[in-house]
Amino acid sequence: MSHSPSRPRRSALFVPATNEKAIAKLPQLACDAVIFDLEDAVLPEHKAVARDRLAGFFAERPAGNREFLVRINSLASPWGVEDLTAASGWAIDGVLLPKIATPRDIIEAGDVLDDNDAPDGVRLWAMIETPRALVNIAAIAELGRDPAARLACLVAGLNDLAKDTGVMLTPDRRYLQAWLMQMVLAARAGGVDMLDSVSNDFRDLDAFSSECREAAAMGFSGKTVIHPAQIGPANEAFSPSPEALAEARAVVDAFALPENAGRSVISLEGKMVERLHLAQSERLLARAAMIEKLKN
Ligand code: COA
Ligand code: MG
């Protein structure tokens, strides 16, 4: 099965759950998803207050089509189970699990959601940021095939991965290419989205834009971002280009011609085009339509 058009997740903005100023800014920001962070962006002494803040926020979920997620603390930490239990009752689209190592970590989180009667629409996202998660990535992503497991999306976490492996983070990410491509492949095999890691240097937007374009070329679904200025470049890089859209329309139009009705392969402007390209083109156009819908 090829990759079907999931909802756009071009930009997923991390917002520390304790940062009221940042939260107040959200209505003006065009990110496809918001991830409120209870984990590394919140000090231990503020964990409980941060959780209460989010409970207050979700008491009145803002209108709009974007997704809202909460990154909880690890279930192995002193706060994780309480975070997940609380989040089970919130009007959220998903919970992002940090520091997972094996498929079992996702199954256990799903069990907590089930036990607390979280709606089926509450999905699980998981950070791929430990060496074990990367080694086990195929089995983790495979859970995407089982709707009961709730897994919808994986998120690369290069800061933690660098800390735990010793790999050097360079601007061109040369030592990470193999691991990043492995993540994308596994995610596609499991039918889930794969988001690229945050980029810490939020003032250098030129470098950020080219990193986004490269990530899109590698097959990532979108980028996690930490600052409002990074949203525009991520949205742009992960949107179909005008050229790609024009080409997709041309393929759809060509197969719609009466003379091509019974044909599985045709010639279009000197190139071979098959029905698999038709399916691919239709998916691209569907994705563009979903992106349009997000603007409302
Ligand atoms: N979400 C929403 N708004 C944000 C934001 C975010 N993640 N980061 C910054 N802003 C807001 C600021 O509040 C500020 O608002 P204002 O215009 O009303 O004053 C504006 O954007 C400009 O911010 P700026 O002054 O450039 O940055 P900063 O010094 O306030 O913050 C960071 C820099 C890195 C501390 C901040 O962006 C941040 O906390 N990002 C998220 C970090 C995080 O969640 N990490 C965990 C996951 S990796
Ligand atoms: Mg991390």
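Asker: What should I look at first to understand the coordination of the magnesium ion (ligand 2) in this one?
Answerer: Six octahedral donors around a metal ideally sit at 90 or 180 degrees from one another, while four tetrahedral donors ideally sit at 109.5 degrees. Coordination of the magnesium ion (ligand 2) by the protein comes from Glu129 (OE) and Asp160 (OD), over a distance range of 2.0 to 2.1 Å. Taken as a pair, Glu129 in the loop between strand E5 (123–128) and helix H5 (131–135) and Asp160 in helix H7 (residues 158–165) lie far apart in primary sequence, 31 residues in all. In terms of burial, Glu129 and Asp160 fall into one category: buried.

Asker: Can you walk me through the pattern of salt bridges in this structure?
Answerer: Note that side chains of opposite charge can pair when their charged atoms are close. Under the defined criterion, the tally for this structure stands at 23 salt bridges. Across the pair Arg7 and Glu67 runs a salt bridge whose closest N-O atoms are separated by 3.7 Å. Placement of the pair is Arg7 in the segment before strand E1 (11–16) and Glu67 in strand E3 (residues 67–71), with a sequence separation of 60 residues. A salt bridge links Asp37 to Arg71; the shortest N-O distance between them is 2.8 Å.

Asker: I tried to follow the nonpolar core on my own but got confused; where do I start?
Answerer: Looking at soluble globular proteins, one finds that nonpolar side chains tend to be buried together. The biggest cluster of nonpolar side chains holds 66 residues, and the ones touching the most others in it are Phe36, Phe58, Val70, Val95, Ile106, Leu154 and Met183. Setting aside residues no more than four positions away along its own chain, Met183 makes contact with Ile128, Leu134, Ile137, Ala156, Leu161 and Met194. Membership of the second largest hydrophobic core comes to 13 residues, among which are Ala12, Ala33, Leu96 and Leu195.

Asker: For this particular structure, what's the right way to read the site of ligand 1?
Answerer: In the region of ligand 1, 16 residues are neighbours, and Phe14, Lys21, Lys25, Ile226 and His227 sit closest. Residue Arg203 places a side-chain N or O atom 3.1 Å away from an oxygen atom belonging to ligand 1. Take Ile226: an N or O atom from its main chain is 2.8 Å from a nitrogen atom of ligand 1. Surface burial for ligand 1 is 65%, taken as the share of its 890 Å² of free accessible area covered by protein chains. Elements with a contribution of two residues or more to the shell around ligand 1: E1 and helix H1 (20–25). Tallying contributions element by element places E1 first for the shell around ligand 1, with four residues. Looking at side-chain class alone, the shell around ligand 1 contains 10 nonpolar, one polar and five charged residues.

Asker: Is there a simple way to think about the pairing of E3 in this case?
Answerer: Sheet faces and side chains relate simply in a regular strand, where the side chains alternate between the two faces. Counting buried positions along E3 gives five out of five residues, so the element sits mostly inside the fold. Of the two faces of E3, the one carrying Glu67, Leu69 and Arg71 and the one carrying Phe68 and Val70 are both buried. By the bridge criterion, five bridges tie strand E2 (residues 33–37) to E3 in an arrangement that is parallel. The residue bridging Phe36 from the neighbouring strand is Val70, located in E3. Regarding the hand of the β-α-β motif, the stretch spanning E2, helix H2 (residues 47–58) and E3 is right-handed.

The rules behind the values
Residues numbered from 1 in each chain as written. Chains lettered and ligands numbered in written order. Predicted model: local features only at pLDDT ≥ 70, side-chain atom pairs only at ≥ 80, totals over all residues. Heavy atoms only, no water. Donors = N, O, S within 2.8 Å, 3.2 Å for Na, K, Ca; no water. Helix = DSSP H or I, 4+ residues; strand = E, 2+ residues; numbered from the N terminus. Buried < 20%, exposed > 50% of the residue type's maximum accessible area, 1.4 Å probe, protein only. Salt bridge = Lys/Arg side-chain N within 4 Å of Asp/Glu carboxyl O. Core = buried A, V, L, I, M, F, W, Y, C linked by side-chain atoms within 4.5 Å. Contact = heavy atoms within 4.5 Å. Near = heavy atom within 4 Å. Polar contact = N/O pair within 3.5 Å; in protein donor to acceptor, adjacent residues only side chain to side chain. Areas by Shrake-Rupley, 256 points an atom, 1.4 Å probe, with all protein chains shown as cover. Nonpolar A, V, L, I, M, F, W, Y, C, P; charged D, E, K, R; others polar. Pairing = 2+ DSSP bridges. Right-handed = clockwise from strand over helix to strand, strands pointing away.

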